[in-house]
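Structural characterization, general
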Amino acid sequence: MRIAFYCPNKPLDHPNPSGDLVIAKGLRTALTLFGHECAEVTKFRSRWFWQSFQGWMAALAGFLRALRTTRRFSPHVWITYHTYYKSPDVIGLWISRFLRIPYVLVQPMFGTMRRKNSRTRIGYYLNRIALKSARHAFVNNLDDMGAIRRIMPPERITYLPPGIFPGLFQRNEEEGLRVRRSLGITPDTPLLMTAARFRDDVKFRSLEYLFRSLKLLQSRWPDFYVIVAGDGPMENRLREMAEESVPGRAVFLGRVPRDGMTAYYSAADLFVFPGIGESLGMVFLEAQACGLPVVALDTAGVPQVVRQGETGILVPQDDGGAMASAVERLLKDRETRMRLGRNGMRYVARERNLEKNTIELSAVLEAIVREG
């Protein structure tokens, strides 16, 4: 089966890493593993395009280029990944109609409140048209399911659990010890890990919350280090905050390629990241696949990828004290820490395994193509 693939929010080769990009790349890889030919037919980024005349012209040019590419590729089905009010799909639904191929959405989002704001109203209606036009929608976030059901009948919606390829994230103790040696951290020194893009949004708010918690932790448990993977425009401010909160205890790794993260996960004892505003958080799954217990906030989409009391500890959002206490508890209790780590590896392998979870997606797509 030939699949036309489109990501209106971020093309697959976008330089800035994000969870959405990880999911999109994983999805295409999984479909390829099932024997399908999956081609990204356009790289037009529709984010806020309607706010300028140049944006509309770029959308038209993107449509025409995509139409030519899609005609040559001759797909059996079109998949648009992640259309929403900021980046609505204004290419896939029209090309699929023109070429008479089924139009399918993966991880669409919909919120009626966006029609009330003049800045988001046009994006809201463009996204609504895409949702109304879709033959089927695969939703990977349970928090989005209710909104999608308000605009699409339930028989055209399938829950697709978020997942990763566990084989890419397997704990390697030898690599972990190598990382510790390179950082000058002894094997018996408690080591925490966090990872995020240093953006001035919920990511930075999470990191700010984390260092507030670690400051409280250090007053009771001074002998630990935290490694921080990531980069971004807020890096200088974050370094200042880390030095103020846990002086000399935070090691900034810079941007680490995704295929290099396993060594750092393997070096750490815990993965700590609040997850404020996280729709899901793929790093939580990567960490658990590497046997790391997670400490995070019981908020947003985090409980969909971390099992409370089974693979990690999720705490209420407060002044940071609850998170500090949870980290201290796991640092003191090695047996519980190891049990949560083992559970995390099993959980990802069995329930958040992208290859397994794509079986239903592939089957539904094949059925849609057969129906014509």
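Scroll up a little and you will see the structure.
These notes cover the structure that comes with them. These figures come from a predicted structure and were not determined experimentally.

Details of unusual backbone geometry
Where the residue is not glycine, phi is negative for most of them; where a peptide bond is considered, it is trans in most cases. One non-glycine residue with positive phi stands out, namely arginine 100, at about 60°. Assignment of secondary structure puts arginine 100 in the loop between helix H3 (92-99) and strand E4 (103-106). Arginine 100 gets classed as exposed once you look at its relative accessible area, which sits at 76%. Of note, the phi angle at alanine 300 is positive, near 50°, even though the residue is not glycine. Considering the arrangement of structural elements, one finds alanine 300 in the loop between strand E11 (294-297) and strand E12 (312-315). According to the relative accessible area criterion, alanine 300 is partly exposed, its value standing at 38%.

Quick notes on the sheet that holds strand E2 (residues 37-42)
Within the open sheet, the 6 strands sit side by side as E2-E1-E3-E4-E5-E6. Their pairing is parallel. What marks the edges here is a single partner per strand, and that holds for E2 and strand E6 (157-159). On average, each strand axis in the sheet is tilted by 25° relative to the strand beside it, whichever way the strands run. Two elements, strand E5 (residues 136-139) and E6, share 3 bridges in a ladder whose sense is parallel. From the neighbouring strand, phenylalanine 138 faces E6, where its bridge partner is threonine 158. Across the sheet, helix H1 (residues 19-33) is in contact with strand E1 (2-6), E2, strand E3 (77-81) and E4; its angle to E3 comes to roughly 155°.

Points about empty space enclosed by the protein
Within this structure, the stated rule accounts for 2 cavities of 30 Å³ or more. As a volume, the largest cavity reaches approximately 90 Å³. What lines the largest cavity is simply Ile23, Leu27, Val106, Asn140, Leu160, Pro161, Pro162, Gly163 and Leu354. Taken as a whole, the second largest cavity spans an internal volume of roughly 60 Å³. Taken together, Cys7, Pro8, Asn9, Lys10, Ser18, Asp20, Leu21, Ala24, Tyr81 and His82 form the lining of the second largest cavity. Here the lining of the second largest cavity gets 3 residues from one element, more than from any other, and that element is H1. Along the lines of polarity and charge, the residues of the lining of the second largest cavity split into 5 nonpolar, 3 polar and 2 charged.

Comments concerning the layout of surface pockets
Here the second largest pocket is characterised by a volume of approximately 350 Å³. Arg171, Glu173, Ala268, Asp269 and Met338 are, among the 19 residues lining the second largest pocket, the residues nearest its centre. Those elements that place two or more of their residues in the lining of the second largest pocket are helix H6 (173-183), helix H9 (261-267) and helix H12 (334-351). The greatest single-element share of the lining of the second largest pocket, amounting to 6 residues, is contributed by H12. Grouping the constituent residues of the lining of the second largest pocket by class yields 8 nonpolar, 4 polar and 7 charged.

Looking at the pattern of salt bridges
Using the criterion set out here, one finds 18 salt bridges in the structure. For arginine 239, the salt bridge is made with glutamate 235, and the minimal N-O distance between the two is 3.1 Å. Here arginine 239 pairs with glutamate 235, and both are found in helix H8 (residues 235-245), just 4 residues apart, close to one helical turn. One salt-bridge network, in which partners are shared between bridges, spans Asp13, Glu40 and Lys43.

Quick word on a nonpolar patch on the surface
Together, Phe53, Trp56, Met57, Leu60, Leu64 and Ile122 make up an exposed nonpolar region whose accessible area comes to about 590 Å². For the nonpolar patch, the element with the most residues is helix H2 (residues 53-73), which contributes 5 residues. Position of phenylalanine 53 among the secondary structure elements: in helix H2.

Rules behind the numbers
Throughout, a residue's number is its position along its own chain's written sequence, starting from 1. Selection of residues for local features in this predicted model requires a pLDDT of at least 70, selection of side-chain atom pairs for listing and counting requires 80 or more, and totals for whole chains, interfaces and linings are taken over all residues. Only heavy atoms go into the side-chain values, all of them from the structure, while hydrogens and water stay out. A helix here means a DSSP run of H or I that spans at least four residues, while a strand means a run of E at least two residues long, and both kinds are numbered starting from the N terminus. When accessible area is computed with a 1.4 Å probe and restricted to protein chains, residues below 20% of their type maximum are described as buried, those above 50% as exposed, and intermediate ones as partly exposed. Note: two strands are recorded as paired if DSSP finds a minimum of 2 bridges between them. Angles shown run from 0 to 180 degrees and are taken between the N-to-C directions of axes, each axis being a line fitted to C-alpha atoms and, for helices, limited to the stretch in contact. Pairs of residues are marked as contacts when any of their non-hydrogen atoms sit within 4.5 Å. The way it works is a 1 Å grid over only the protein atoms, where trapped points that fit a 1.4 Å probe form a cavity and open points with protein on both sides within 12 Å along at least five of seven lines form a pocket, and then any residue with an atom within 4 Å of a point lines it. Grid points are joined across faces, edges and corners, and a volume is the space filled by probe spheres set on the points. Here the nonpolar group is Ala, Val, Leu, Ile, Met, Phe, Trp, Tyr, Cys and Pro; Asp, Glu, Lys and Arg are the charged ones; every other residue, Gly included, is treated as polar. Definition used for salt bridges: Asp or Glu carboxyl oxygen within 4 Å of a side-chain nitrogen of Lys or Arg. Patches were defined on residues exceeding 30% relative accessible area and lacking a salt bridge, with like-charge contacts within 9 Å and nonpolar side-chain contacts (Val, Leu, Ile, Met, Phe, Trp, Tyr) within 5 Å. Here the open area of atoms and residues is found with the Shrake-Rupley method and a 1.4 Å probe, where only the protein chains shown may cover a residue.

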